[in-house]
Each structure stands twice: as C-alpha cells, then as structure tokens.
Amino acid sequence: MIALIKALQVILALSFLIFIHELGHFAWAKAFHIKVEKFYLFFDIGGKHLARWHWGETEFGIGWLPLGGYCKIAGMVDESMDLEQLRQEPQPWEFRTHPAWQRLLVMFGGVLNNFIFAILAFILIMGIWGEAVIPARGTKVYVSELASEMGFRNGDEILDLDGRVPKDFLSIQSDMARRGVRKVNVLRGTDTLGIYIDHAMIEGILNTPLMFDIAVPFVVDSVVNAANGCLSKGDRIVGIAEYATDYLQDARTALAGHKGECVWATVLRGADTLAVEIQVDTAGMIGVTLPGTAVELKEYNALQAIPAGLALSWETVSGYLKDLKLLATPSTGAYKSVGSFVAIGQIMPSVWDWHQFLYILALLSIMLGVMNLLPIPGLDGGHILFTLYEMVTGRKQSEKFLYIAQLIGMALLIMLMMLAFGNDIGRIIH
C-alpha cells in the first residue's frame, strides 16, 4: 500500500509540473498568434498514445512514455525533429518568423510558470502551516561514523560554519557541502573548538544520510509500562546493564541486546544516582515516553506569508544552484546523488499529507525550472541562449545548426537520464 501511495504521488506530481511547464510555452505562443500543433503530457513515441483530442488548431494528448511532455510549436526546431516542416516556405503563424523577443518569451514561459507556481505554493504553505524550525543553537548532535571521523563528537553543539550561524539544525549537513565549509566551530562541554573540514570528504557528506542526528537525552517524561513504575518523570537513564546510555540512541543498542529481560539501570534523579531494575519487553522497549524535540513554529498571516514565501523560494533556488555547482565538480561525487522518478518516490510521504506533498511539489517545480535554464541544446536554456545571441549580434543561427545542436543536446539528456536511472538502481541494490 505504501508503494502504491508513493507511486500515485509521483505520477500526480510529475504530471502536474509537466503540464504547467508546457502550459507556459503554449500560453505565450498563443498570445503571439503562433500555431501550436501538439500539446502532450508524456511522449507519444511512434505515434502511440493513451488519449488524444483536438481543440482548435491544437492536438492535445497523453503519450505512453512517462518521461516528460512537450508542446510542438510550428516552425521550431525541437525534440520532434520535424525537418519536413522546416523545408517549407516560412509562414506568418510559425515560430521562426516572429521577432526574437517574442520567441524568447515563448521559450522562457515554461520556466516562468514553474517559478510562479513554486512561489505561490510556498506562500500558501507559510500562510496555512507556517514554518517549523529545529534551532541549531542549543541542539546537540549525535554523530555518524563519518562525522566522528571528521572530528565531531556526540553532544557537540554546532555554533557556526565558517562564521555563519545556522538557523535550522536540519540544514547543517547540506550547508556544509553547498558552501564548501572549511571550519566548523562547536561547543563541547564548556570549551569552544574549531573542526577543520577536509574537502576530500565532501563526497561523504553528500552521500551519508543523517550525518548529524539530534542527541536526545534519555529522560523519562511519563511511564506507560506498570512493570517499570520505579521510574519517574524527570529521571535520566545514563546506563543500562553494561552500556553507557548518555543519549537515546545509545539506549536503543543496549535495550536491543536485552529483549525480554530484567536489567539494572543507572538513573540520575535530581542530585541522586540510583540503581533500579527495569523490565525490557520483547520489542526492546521499556514503556516510557520522552519529551519532544524543541521545534520553533513561526506562524504568518496572509500578508506576512508573501515575503516569507518569496524568501523561501529564493533560498531554495540559491541552494539548488549550489547543488548544480557541486554536480559540475566530479571530485565531490555529487553526480552519485542524481536520481530519477524512483528517487522522487523515496522522498514522498508514506501517507497522504497535503503539507508535505505541496512542499515537495514546490521543490520539484524549482528544480525543473532551474534545470531547464541550463544552456544545453534541447532544454529551454539552450533555445534561450541562441535567441539571446541573435538579439545581441543580430545574426540568426541556421536551421541546420539548430538541428545539430538539438541532436547533441538530446544525446546529453539521454546520458543524464541513464546516470539517474543507474544511480537509482545502485541505491536499490545496496
């Protein structure tokens, strides 16, 4: 059932984003009276389709290959590779006969729609749900093997990254990679220490899930297992059997080794240290609840949500541009994180949640917009680059040049898709 829910969310998300992207091209083309021959969600390779209908001069449809979509604009060199049309005498309703500034807007329309949707989605999220942040200040880390190798220790509090104070605990790991951080200052006990980051470890930072977890003290909030009535609210369990349990993560290992047994625990109660016998059930639990993680919720009214949504949009675009910079640097290993729709499915919530779904949809919309702006032939960015060149120099590229560039661009995109699928398959295998 979980797999089905995730698959439905991926299909719905990609279909919607492809639709609004292509709608941007369609709307600007129609505004300039350029003929749009086909508007397809997914690709109808070989003329095969799941559905199609006509409205006005345009054929609308749903193709059988769910790897994108397209808007076939008359007189344009695009992925349809329709050279027959280009051999005919140019017509006033064709893309190629319109001024460069109009063609530029037609090409930019899809990306513009993606950004507009993301901004509106983030504004809506801020207005309805607000912004939840786990403050980095005051939050201690529980480190992974990689973080330990870098010099971090359980219980460290991260103060700044190259002098920049992080706001959200959950963004620390990505900021370290994106910003190429050289030095992290931490508070360890009462001492402030500087940890220098070896940039050879950037690949590990990018490909290690949960490099920093929240170090949760094993403090009892309430007791739900009557067998452990010896424990009280506020008790901190610092030892179980032969294990030191400074944090909850340590306790999980200790309890897993004594399932279904009675064990001795060391408990701090106020100024006293006590030895109490506790019962571990067969699931490795002792039947207590812990205080929740400190989360700051910022709420916004309708007017406040607008600048907050704009700020989040810019922050997301900026972060994704930094990700692309890492991708362009092979030594970082960032290319290993490239994924296809399989990777998208993995980040989708296991149950339907409008908040998470809309947030992921906005992220994907920005990713789609930024990716399409890359100056690669076959993407909108390639068409935009050639059009800008024409506007600056006054020289228009030949249709033969555009055709060859389109072929090269499509080859590059196919290679990128193969890399994405290969990475997904590798992650599944491992």
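Residues numbered from 1 in each chain as written. Predicted model: local features only at pLDDT ≥ 70, side-chain atom pairs only at ≥ 80, totals over all residues. Heavy atoms only, no water.

**Student:** For this particular structure, what's the right way to read the confidence of the model for the chain?
**Tutor:** Note: predicted coordinates in regions of low pLDDT should not be interpreted at a detailed level. Confidence along the chain averages 88 in pLDDT terms, with 97% of residues attaining 70 or more. Mean pLDDT values for the elements of the chain range from 66 in helix α2 (residues 83–86) up to 96 in helix α3 (residues 100–128). (pLDDT = per-residue confidence, 0-100. Helix = DSSP H or I, 4+ residues; strand = E, 2+ residues; numbered from the N terminus.)

**Student:** Got a minute to help me understand the packing of aromatic side chains in this structure?
**Tutor:** Think of a pair of aromatic rings as described by two things: how far the centres are apart, and how the planes are tilted against each other in angle. The full count for this structure, using the stated rule, is 18 aromatic pairs. Ring centres of W354 and F357 lie 6.1 Å apart, and the angle between their planes is 80 degrees; on these two criteria the pair is classed as edge-to-face. Taken as a pair, W354 and F357 lie in helix α10 (residues 354–372) at a separation of three residues, close to a single helical turn. Overall, the relative accessible area of 54% leaves W354 in the exposed class. By relative accessible area, which is 4% here, F357 ends up buried. Here the aromatic residues F19, F26, F39, W53, W55 and F60 are joined through ring pairs into a cluster of three or more. Above the ring of Y40, the side-chain terminus of K38 is found at 5.0 Å from the ring centroid. (Phe/Tyr/Trp six-rings, centres within 6.5 Å; stacked < 30°, edge-to-face > 60°. Buried < 20%, exposed > 50% of the residue type's maximum accessible area, 1.4 Å probe, protein only. Lys NZ or Arg CZ within 6 Å of the ring centre and 35° of its normal.)

**Student:** Looking at this model, I keep getting lost on the pairing of strand β1 (residues 36–43). Mind explaining?
**Tutor:** In summary, the side chains of a regular strand alternate between the two faces of the sheet. Within β1, seven of the eight residues are buried, which leaves it mostly tucked inside the rest of the structure. Pairing geometry for β1 and strand β4 (residues 65–73), over six bridges, is antiparallel. Residue pairing in the sheet places F39 in a bridge with C71 of β4. Here four bridges tie β1 to strand β3 (residues 58–63), and the two strands are oriented parallel to one another. Counted as the bridge partner of K38 is E59 from β3. (Pairing = 2+ DSSP bridges.)

**Student:** Help me out: how do you make sense of the layout of surface pockets in this one?
**Tutor:** Its boundaries defined by the atoms lining it, the second largest pocket holds a volume of some 290 Å³. Forming the boundary of the second largest pocket are 17 residues, of which G138, I214, A215, V216 and P217 lie nearest the centre. Considered class by class, the residues forming the lining of the second largest pocket number ten nonpolar, four polar and three charged. (1 Å grid on protein atoms, 1.4 Å probe; cavity = no way out; pocket = protein on both sides within 12 Å on 5 of 7 lines; lining within 4 Å. Points joined across faces, edges and corners; volume = space filled by probe spheres on them. Nonpolar A, V, L, I, M, F, W, Y, C, P; charged D, E, K, R; others polar.)

**Student:** Help me understand a nonpolar patch on the surface in this model?
**Tutor:** Residues L12, L124, I128, W129, W352 and W354 make up a contiguous nonpolar surface patch of roughly 630 Å² in combined accessible area. Note that I128 resides in helix α3. (Patch = residues over 30% accessible without salt bridge, like charges linked within 9 Å, V, L, I, M, F, W, Y side chains within 5 Å. Areas by Shrake-Rupley, 256 points an atom, 1.4 Å probe, with all protein chains shown as cover. Salt bridge = Lys/Arg side-chain N within 4 Å of Asp/Glu carboxyl O.)

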